[in-house]
Structures are given as structure tokens and as C-alpha cells.
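Results of the structural survey
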Amino acid sequence: MERIVILGAAESGFGSAVLAKSKGFDVFVSDRGTIKDDYKADFIVRGIEYEEGGHTIEKILTADEVIKSPGIPDTSDVVKAVRKAGIPIISEIEFAGRYTTAKTICITGSNGKTTTTTLIYELLKAAGYKVGLGGNIGKSFAYQVATGKYDWYVLELSSFQLDGMFDFRADIAVLMNITPDHLDRYDYKFENYIDSKFRIIRNQTKNDTFIYSGDDSVISDYMKKHIGLFQMRCMPFTVQDKLLEGAYINDNGSIDIDFMDTEFLFDVRRLKIQGIHNIYNAMAASLAARVAGVDGSVISDVLEEFSGVEHRLEKVAVKRGVEYINDSKATNVDSVWYALESMTVPTIWIAGGQDKGNDYSRLYEMARKKVKVLICMGVDNTKLVESFTGVIPFIYSTDSMTEAVSKAAMVAKRGDAVLLSPACASFDLFQNYEERGRMFKAEVQQIEE
């Protein structure tokens, strides 16, 4: 019996363990931290061996193959030991892909992944497709393959998940954009991160489709340099050019999708989700849905009703005439740029967390125009304070969500907005960006009227 070892027992690892056990593997799960009680209970029922609070290298090195959580860096001691022993390491996505014949729409990019993924899923679901939502969102791909049966999967994929994919192939691949992010995981080399993102097209054939931003110079430059890789149908989305095939904004301000000699139009003024970034998201999602066979009337209905996702420019409440907005999912500089670009009133900006090698200079011009107060929130705010001194008139340093929201409520005036858009990972003060967003919303609700 082949032995599968799974490193990390969060959503991805749990799903991988369930799938591996269902396929008859000898399964061992190892987590350096604490495993959720309901996961442990499930492991016991299924007869899956596990450990928590550390890695037993001797047990791990008995594996025929290792499935690694995307959150574990290649520089960790346990990963180094596995590689030294010559044991293959793959991602949950790679493993799950072996056991389904369903078609896949896979979405990656530095920004816009979650909104676009969710919107594509809603479009296919509204069209009556039997569709699962997974990857870096919702239930893990592996768990759904083990416990359900779908004809389509819509998968949000991070660069870390893509790094562990080798034979997996997306029927429809969507690349939203590429801006510097997670450079601490890529030897602080942007080119390494770019290569990682383009693994989304790995193994695609002429029968598959690649949807990408035609306005992203990083993507365009890569495609010009590696023209031989792009044998699949390539379909851009753009706000700058009129296309013979793809998605663009026409002279009347409508999303115009031309595909297979058919045309679909949607007036962007009907979108509930605002900002140029959401126009890109809507174009990419609509184009993917059309390629998947969704009718234009369904697309129109869903676009008009879709109100966005939690933790992404989520309107929380109005307190004392001040609007509070949760953008906790903005974990990089470019995502914050789009958030600030969408603001139409004087803004108190809450930012900070675990820096990933950020260059904040891209935000200077937008911050000067939009931000009246910066509230830094993190264990170490030095870089953020130094970066925006002289750019934003008033800067305060805090080390908790309670203090940050309290300070924002104190300095905000009626008609202002308070925007949580961190530009950083959450791991210095929070378990993840979801916990950070939920705590922000809870603190806002405590503000007295």
C-alpha cells in the first residue's frame, strides 16, 4: 500500500487526507501547530493517523509522496528534509486533479482572484451547471472530489498552490494581473513570482482557453518572450482596446464580449460592485462563463445582482455619519491602490501587518489625493510610518484592532470613510485575513452613535 504524508492539516490538508484515505492510501497527517477538533474527530472515524504540535521526520520520510500545505514555505526544515530524501512533493490541487474528470476553470492573479472566482461560480450555478467552488476559497478541491460529484469546478489558485502542480491542466485558465507580491517566498525576485503565476497555463492544449488581462504589461511582456507556450485559445480582456475576440469596453460604456461570432453587451453602470478593478473582474468572469457556454441573459442577471465578497471593499456600517469599509483581503500594495482609487470621500486608512517586502511608493500619489489620516496597525509599524511620513498629513501607530478602530472613530468627521485595507499579511496579530476582517466589523459595531 502506497503511503501519502500530508504536511499541514488546515482546509487543504484535511481534504487531501480524506481523499487519500478514500482512494486506499496509507495516510499520515503532520501539523506543526494545532489541528481543529472537528478535523481530528473526523480523522479518528476514518482511521487516519495524525500528529500535531511538531513534525516527526522519521515518520514523514517513509512517504512515497508528500502533499504540502500551500502555507508551508520550501525553506522550512521539514520540506528540506523531504526534498533531500528525494520524495516527490505536490499540492492538494495536483492530487485532487487525478481523481476527477470534471472540467475546471482556474483563476489566479495578484488581485481580484476571489471576486472573479466567486462571480464565475455564481454565473455557472445560475445557468444550472453542477459546479463546485474550491481551491483557495470555500471547501477544498480534494474534499469535494472525495465527497461529491460535479461536472465543473471553479478554483481560485494562489502562486503557492500553482508551485505544486505538475500534471494538472485547467480547461479554462484565467490570469487577472501580476504585481509584486509574496516576494519573501520567491527570493525577493519578481521574475520568480511571474513564472509561478504562469504555471496556470501548464499542460494546456489547443482545445483549452487562456483568459488574461490585455492591459497588464507584465503579462504582455511574458507572452511576447515565451510565444511558443501559447498554443491554446488566448482571449484578453481590456478597457483600452477594441477586440475581435475577447472582452472590452465599447464606446457606449458597456462590457462587450465577442466570442464564437456572438456578442454580449452589459452596461457597467448596472454593476453593484464599483471601481475599475471590478470592471476587470466582471469582464474576466463574463468571458470565462461565455467560453463555458453560459447564455448572455444569465450573465446579465447575475452581474446586475452580484454585490461582491466578504472582506473585499465590504460596506460594514455607517456610524456618526462615517462609513466603515472592510477590505481586509487587500494584502498587497496593488490591491490597496484599487481600494483607494474607488474612494470618493476623505478617507481614514487603516493599514499594516506582516510586511512581504512591500514597495509603498506606488501608493504615494493616490494616498496624497484620498487619505487624510493613516492609522498603522501591527506589531512593528516602523516601515509603514517611515514610508508615508510627508505623504499623509497625520499618522498614528497602534498595535491592536481595538485601538485602531477607536482612533479612527476619534479622528473621523461626518462624511468621511474609514477603510481597513492593510497591504500586508495578517499573521502578526491575526490567524488570517478573515479573522482580521471579522474583528474589524465587530469593533465597528461597538462604536456608539
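Let us look at the structure shown here.

Each value, and the rule that gives it
Residues numbered from 1 in each chain as written. Predicted model: local features only at pLDDT ≥ 70, side-chain atom pairs only at ≥ 80, totals over all residues. Heavy atoms only, no water. Phe/Tyr/Trp six-rings, centres within 6.5 Å; stacked < 30°, edge-to-face > 60°. Helix = DSSP H or I, 4+ residues; strand = E, 2+ residues; numbered from the N terminus. Buried < 20%, exposed > 50% of the residue type's maximum accessible area, 1.4 Å probe, protein only. Lys NZ or Arg CZ within 6 Å of the ring centre and 35° of its normal. Pairing = 2+ DSSP bridges. Right-handed = clockwise from strand over helix to strand, strands pointing away. Axes fitted to C-alpha atoms, helices over the stretch in contact; angles between N-to-C directions. Contact = heavy atoms within 4.5 Å. Arc of directions from axis to C-beta. Polar contact = N/O pair within 3.5 Å; in protein donor to acceptor, adjacent residues only side chain to side chain. Expected span 1.5 Å × (residues − 1). Disulfide = S-S within 2.5 Å.

With the rule as written, the count across this model stands at 21 aromatic pairs. Arranged with centres 5.7 Å apart and planes meeting at 25 degrees, the rings of Phe14 and Tyr143 form a pair that is stacked. Taken as a pair, Phe14 in helix α1 (residues 11-22) and Tyr143 in helix α7 (residues 141-147) lie far apart in primary sequence, 129 residues in all. Among the residues examined, Phe14 registers a relative accessible area of 7% and is labelled buried. Through a chain of ring-to-ring contacts, the aromatic side chains of Phe14, Tyr39, Phe43, Tyr50 and Tyr143 assemble into a single cluster. Here Lys139 stacks its cationic end above the ring of Tyr143, 5.7 Å away from the centre of that ring. Taking the ring centre of Tyr396 as reference, the NZ or CZ of Lys407 above it sits at 4.6 Å.

Right, let's talk about the pairing of strand β19 (residues 394-398) for a bit. Examined bridge by bridge, strand β18 (residues 371-377) and β19 share 5 bridges and lie parallel to one another. Note on β19: the bridge partner recorded for Val373 is Phe394. The β-α-β motif built from β18, the intervening helix α15 (residues 382-388) and the parallel element β19 has right-handed crossover chirality.

Okay, the sheet that holds strand β9 (residues 172-175) next. One open sheet holds the 9 strands; their spatial order is β7-β8-β6-β9-β10-β11-β12-β13-β14, and the pairing between them is mixed. This sheet does not close on itself; its edge strands, each paired only once, are β7 (131-135) and β14 (262-267). In this sheet, adjacent strand axes meet at a mean angle of 15 degrees when their direction is disregarded. In the sheet, strand β12 (residues 246-249) pairs with strand β13 (residues 254-259) via 4 bridges, with the strands oriented antiparallel. Among the inter-strand pairings, Ala247 is bridged to a residue of β13, identified as Ile257. With respect to the sheet, helix α6 (residues 113-126) is in contact with β6 (103-108), β7 and β8 (152-156), its orientation differing from that of β8 by roughly 165 degrees.

Paired through their backbone hydrogen bonds, the strands of a sheet run either parallel or antiparallel. Spatial strand order, β15-β16-β20-β17-β18-β19: 6 strands in an open sheet with mixed pairing. Of all strands in the sheet, those bounded by a partner on one side alone are β15 (314-319) and β19. Taken over all neighbouring pairs, the strand axes of this sheet differ in orientation by 20 degrees on average, direction set aside. Looking at chain direction, β15 and strand β16 (residues 322-326) are connected through 5 bridges and run antiparallel. Each residue of the ladder has a partner; that of Val318, found in β16, is Glu323. Against the sheet, helix α16 (residues 401-411) engages β16, β17 (347-351), β18, β19 and β20 (417-420), with an angle of about 165 degrees to β18.

Another aspect to go through is helix α9 (residues 190-197). Along α9, the positions that sit buried rather than exposed are Tyr193, Ile194, Ser196 and Lys197. In a view along the axis of α9, the buried residues occupy a sector of 160 degrees, so they form one face of it. Contacts from the buried residues of α9 go to β6, α6, α8 (159-163), β9 and α10 (217-225).

Another aspect to go through is the side chain of Lys197. Topologically, Lys197 is positioned in helix α9. There is a polar contact of 3.2 Å between the side chain of Lys197 and the backbone oxygen of Gly109. Not counting residues within four places of it along the chain, the set of residues in contact with Lys197 comprises Thr108, Gly109, Ser110, Lys113, Leu157, Ser158, Ser159, Leu162, Leu175 and Ile178.

Another aspect to go through is helix α17 (residues 433-445). Over its 13 residues, α17 runs 19 Å from end to end, which matches the ideal 18 Å to within 8%, given 1.5 Å per residue. When we look at burial in α17, the residues that qualify are Arg436, Gly437, Phe440, Lys441 and Val444. In a view along the axis of α17, the buried residues occupy a sector of 135 degrees, so they form one face of it. Along its buried surface, α17 packs onto β15, β16, β17, β18, α16 and β20. The N-cap residue of α17 is Asn432: its side-chain oxygen and the backbone nitrogen of Glu434 are 3.2 Å apart.

The final tally for this structure, using the stated rule, is 0 disulfides. Cys234 provides the cysteine sulfur closest to Cys106, a residue in no disulfide bond, and the two sulfurs are 16 Å apart. On the basis of relative accessibility, which here comes to 27%, the residue Cys234 falls in the partly exposed class.

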